[in-house]
Amino acid sequence: MIWYAALVLAVAGERLAELAVALRNTRWALGRGGTESGRGHYPAMVALHTALLVGCLAEAGLADRPFAPLLGWTMVAVVVAAQALRWWCIRTLGHRWNTRVIVVPGLPLVTGGPYRLLRHPNYVAVAAEGIALPLVHGAWVTAVLFTALNAALMAVRVRCEEAALTSAPAGGVPA
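Residues numbered from 1 in each chain as written. Predicted model: local features only at pLDDT ≥ 70, side-chain atom pairs only at ≥ 80, totals over all residues. Heavy atoms only, no water.

This paragraph deals with unusual backbone geometry. Of note in this structure, Asp-64 is not a glycine but carries a positive phi near 50°. Within the secondary structure layout, Asp-64 lies in the loop between helix H2 (42-62) and helix H3 (69-93). (Helix = DSSP H or I, 4+ residues; strand = E, 2+ residues; numbered from the N terminus.)

Here it is as structure tokens:
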């Protein structure tokens, strides 16, 4: 269980790194006339992602979930792949990547990197991680709850992003 706690804390550290990048990119986007959409759902997103991390540790520990090696190691590989996809998205979008929906007018839509394959690849990473991280140590209730709540949140989030893109002058891109 100690190594699992270390894994969850490493993912939490990765989230903090994302927030630092997002803060820097928010300043960049707003400095170039970017406008933010979807402020209303942002706190729910932060709460859900925090609850995922807490739920992983709480369920694995309190419910005494066992580590099943075949499932556990497979899910570790999925978690690592999700992180790789997420950072590929971040690298591809550069200053435009953000945890918030910010559109900078006049920037073309990004179609390279993982965006040449999927419209919202970062959300694939989020969904994969939300299933895999809890299942590393058998926290199936957390995986199911996060997945259901995340699906509802992503429906709101994707609609918000698409509306922001549609209303952006000259093909802006969410930052």
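Now, onward.
So, about the side chain of Arg-86. Assignment of secondary structure puts Arg-86 in helix H3. With a relative accessible area of 1%, Arg-86 lands in the buried category. (Buried < 20%, exposed > 50% of the residue type's maximum accessible area, 1.4 Å probe, protein only.)

Turning next to H2. If you check H2, its first and last C-alpha atoms are 29 Å apart, about what 21 residues at 1.5 Å a residue would give, namely 30 Å. Of all the bends found along H2, the most pronounced is centred on Val-54 and spans about 25°. Regarding H2, the residues found buried are Tyr-42, Met-45, Leu-48, His-49, Leu-52, Leu-53, Gly-55, Cys-56, Glu-59 and Ala-60. Of the surrounding elements, those touching the buried residues of H2 are helix H1 (2-31), helix H4 (121-135) and helix H5 (140-167). (Expected span 1.5 Å × (residues − 1). Bend = angle between axes of the 7 residues up to and from the residue. Contact = heavy atoms within 4.5 Å.)

Buried together is how nonpolar side chains tend to be arranged in soluble globular proteins. The biggest cluster of nonpolar side chains holds 24 residues, and the ones touching the most others in it are Tyr-4, Leu-7, Val-8, Cys-56, Val-79, Leu-133 and Val-136. Elements with a minimum of two residues in this core: H1, H2, H3, H4 and H5. Of all the elements, H2 adds the most residues to this core, at 7 residues. Once you skip the residues sitting within four places of it in the chain, Val-8 turns out to touch Leu-53, Cys-56, Leu-57 and Leu-133. With 11 residues, the next largest nonpolar core counts Ala-22, Ile-90, Val-110 and Tyr-115 among its residues. (Core = buried A, V, L, I, M, F, W, Y, C linked by side-chain atoms within 4.5 Å.)

On the surface, Trp-140, Val-141, Val-144, Leu-145 and Leu-149 cluster together into a nonpolar patch covering about 490 Å² of accessible area. Topologically, Val-141 is positioned in helix H5. Residue Val-141 is classed as partly exposed on the basis of its relative accessible area of 30%. (Patch = residues over 30% accessible without salt bridge, like charges linked within 9 Å, V, L, I, M, F, W, Y side chains within 5 Å. Areas by Shrake-Rupley, 256 points an atom, 1.4 Å probe, with all protein chains shown as cover. Salt bridge = Lys/Arg side-chain N within 4 Å of Asp/Glu carboxyl O.)

Another aspect to go through is the packing of aromatic side chains. A full pass over the atoms with the stated rule returns 4 aromatic pairs. Where Phe-67 meets Trp-73, the ring centres are 5.5 Å apart and the plane angle is 80°; that geometry is what we call edge-to-face. Of the aromatic side chains, those joined through ring pairs into one cluster are Trp-3, Tyr-4, Phe-67 and Trp-73. Lying across the ring of Tyr-42, Arg-100 places its NZ or CZ 3.9 Å from the centre. (Phe/Tyr/Trp six-rings, centres within 6.5 Å; stacked < 30°, edge-to-face > 60°. Lys NZ or Arg CZ within 6 Å of the ring centre and 35° of its normal.)

Note that all results are geometric; they support no functional claim without further evidence.
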